[in-house]
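A look at the structure
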Amino acid sequence: MRKVFNFSAGPAVLPEEVLAQAAAEMLDWHGSGQSVMEMSHRGKEYMSIHEQAESDLRRLMGIPAGYKVLFLQGGATLQFAMVPANLMRGKAGADYVDTGEWSRKAIKEAKLFGAVNVVASSEDRRFTYVPPQSAWKTSRDAAYLHYCANETIGGVEFGWVPDAGDVPLVADISSTFLSRPLDVSKFGLLYGGAQKNIGPAGLTIVIVREDLLGHTPKGTPTMLDYKVQADADSMLNTPPTYAVYIAGLVFQWLERQGGVAGIEKRNIEKAQLLYDYLDGTQFYRNPVERADRSRMNVPFTLRDAALDEPFLKGAKERGMIQLKGHRSVGGMRASIYNAMPIEGVRALVDYMREFERQHG
Ligand SMILES: *Cc1c(COP(=O)(O)O)cnc(C)c1O
C-alpha cells in the first residue's frame, strides 16, 4: 500500500496496480527491449497498445458503431474551441448550459466562433444546483447543446442526460468519465481530459458521431479538424503515446473492477459515506443541492475559515494530501475518483470527526 491518499482534483490518483504494472514494464515492454516511451508510434508494438486501448474503451462505455474515438492533446480546454470550430456548421449559434466555472470557460471560448445562447444558469444560487430542463430556453435550430456533466470545482453533477431532441448533445465529461454508465447514443459528442479519471495529463479523449465530421469552415487549422484526425486514426502527428498506454492499463483495471457498473457501485458508496457525514454535522458544510451533488468532487467548508490551515496540516500528517479547495470556492475539496479506494474516504471521515471533536 502507498503511504498517502491523494484527493487531488487532477492530475489525480491512479490505481496502484496500474502504476506497479507500468513500473514493471518500464524498461522492457513485453520483451520488446524498449520502454513504451521510446517506441515509434507507427511501429507494431505501439499500434497494438493504441488499438487495444481504443477497443477496451469502446467495450467499457458501450460506444456504438458510427462513433469515432479520438486520442488527442490540448486538454478539455482545447475542446472548448474545437467543438464550436467543428460543430457550428454555419448555424446561427449554439446552446450552452451554465452550471459553473468550466461551463463558463467553454462558453467564453465558443463565443469566438459564433453566437452563444445560454439556455439556463445556476449563477443565481452561486452554482450550487443543476437547473431543471423544464426551465431551459433552448433553440430548435441550435448547432448543438453543450453542458458540463460534472463541475469539478463546484462539485455539481448531472445525474441525468438532457433531452436535446434533434439537436446534437455535447458534454464535457472530464471529471466524470467512466465513473457511471452513460448512454453514448444520446450524444453527438463527448470529450474530456484524461488526468481526472483515466490516466496522466496529456491525453484528451473525444467520442464523436460520424455525421458531425467534415463540416469545418475553410481556414480551420488541420490539427483542429475532427475529420482529419479521425481519418488519420488520431495519428496525424505523434500521439501522446505513454499517456495512451497508461490509459489502456486503467481500462483493463476498470474491467477487473466489474466495468463501469461495478465502479459506479463503489463510487456511490464512497460519496455516500462522505455526504452522510457532512449532513450529520454543523461543523462542516457542503452547499450543493442534494440531488445534484457530485460523486467525484466533494467541496466542503469548515465552520470557521481560520481552521482551514490546521485542518490541512493535520490531514497531511495523517497521509491525506491535496484537500485544499479551489481558490474560487475556498474551504476544502475531496476528489474521490474511480481510483480512490474506499479506505481513503474512511480515513478522511475519521479524521474529520476527530478534528471536529477537537475544534467543534
Ligand atoms: C479539468 C477540467 C477541464 C480542463 O481540462 P484541461 O485538460 O486542463 O484542459 C475542463 N472541464 C472540466 C469539467 C474539468 O474538470
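In this report, the structure presented in the accompanying data block is examined. (Residues numbered from 1 in each chain as written. Predicted model: local features only at pLDDT ≥ 70, side-chain atom pairs only at ≥ 80, totals over all residues. Heavy atoms only, no water.)

1. Focus on the pattern of salt bridges
- Taken as a whole and judged by the stated rule, the model has 18 salt bridges.
- In this structure, the salt-bridge partner of Arg58 is Glu54, at a minimum N-O distance of 3.0 Å. Note that Arg58 and Glu54 are positioned in helix H2 (residues 44-61) at a spacing of four residues, about one turn of the helix.
- By relative accessible area, which is 22% here, Arg58 ends up partly exposed.
- Exposure remark for Glu54: the relative accessible area of 23% places this residue in the partly exposed category.
- Residue Arg353 pairs with Asp350 through a salt bridge whose shortest N-O separation is 3.6 Å. Within this pair, Arg353 and its partner Asp350 are both found in helix H9 (residues 342-359), separated by three residues, close to a single helical turn.
- Among the residues examined, Arg353 registers a relative accessible area of 38% and is labelled partly exposed.
- What makes Asp350 partly exposed here is its relative accessible area of 45%.
- Here the salt bridges share partners, and the residues they tie into one network are Asp56, Arg59 and Glu255. (Salt bridge = Lys/Arg side-chain N within 4 Å of Asp/Glu carboxyl O. Helix = DSSP H or I, 4+ residues; strand = E, 2+ residues; numbered from the N terminus. Buried < 20%, exposed > 50% of the residue type's maximum accessible area, 1.4 Å probe, protein only.)

2. What to know about the environment of Asn150
- Within the secondary structure, Asn150 is located in strand E6 (residues 150-151).
- With 164 residues separating them along the chain, Asn150 and Gly314 place their C-alpha atoms 29 Å apart.
- Setting aside its immediate chain neighbours within four residues, Asn150 contacts Val156, Glu157, Asp172, Ser175, Thr176, Ser294, Met296 and Asn297.
- A polar contact is formed between the side chain of Asn150 and the side chain of Ser294, at a distance of 2.8 Å. (Contact = heavy atoms within 4.5 Å. Polar contact = N/O pair within 3.5 Å; in protein donor to acceptor, adjacent residues only side chain to side chain.)

3. Observations regarding H2
- The terminal C-alpha atoms of H2, which comprises 18 residues, lie 26 Å apart, in line with the 26 Å expected from a rise of 1.5 Å per residue.
- Turning to H2, its buried residues number three or more, namely Tyr46, Ile49, His50, Ala53, Asp56, Leu57, Leu60 and Met61. End-on, the buried residues of H2 take up no more than an arc of 135°, which puts them together on one face. More than 90 degrees from the buried face of H2, the exposed residues found are Lys44 and Glu51. (Expected span 1.5 Å × (residues − 1). Arc of directions from axis to C-beta.)

4. Re the packing of aromatic side chains
- Counted according to the given criterion, the structure contains 18 aromatic pairs.
- For the pair Tyr147 and Phe187, a centre-to-centre distance of 6.5 Å together with 25° between the ring planes defines the contact as stacked. Taken together, the residues span a long stretch of sequence, with Tyr147 in strand E5 (residues 145-148) and Phe187 in the loop between strand E8 (169-172) and strand E9 (189-193) at a distance of 40 residues.
- Seen in terms of ring centroids, Phe283 and Tyr284 are 4.8 Å apart; in terms of plane orientation they differ by 80°. Their pairing is edge-to-face. (Phe/Tyr/Trp six-rings, centres within 6.5 Å; stacked < 30°, edge-to-face > 60°.)

5. Some remarks on the sheet that holds E5
- Across the sheet, which stays open at both edges, the seven strands sit in the order E2-E10-E9-E8-E5-E3-E4 with mixed pairing between neighbours. Two strands lie at the open edges of the sheet, namely strand E2 (67-72) and strand E4 (115-121), each paired on one side alone. On average, adjacent strands in this sheet sit at an angle of 20° to one another, irrespective of strand direction.
- Examined bridge by bridge, E5 and E8 share four bridges and lie parallel to one another. Note on E8: the bridge partner recorded for Leu145 is Leu169.
- Running at roughly 130° to E2, H2 makes contact with E2, E9 and strand E10 (204-209) of the sheet. (Pairing = 2+ DSSP bridges. Axes fitted to C-alpha atoms, helices over the stretch in contact; angles between N-to-C directions.)

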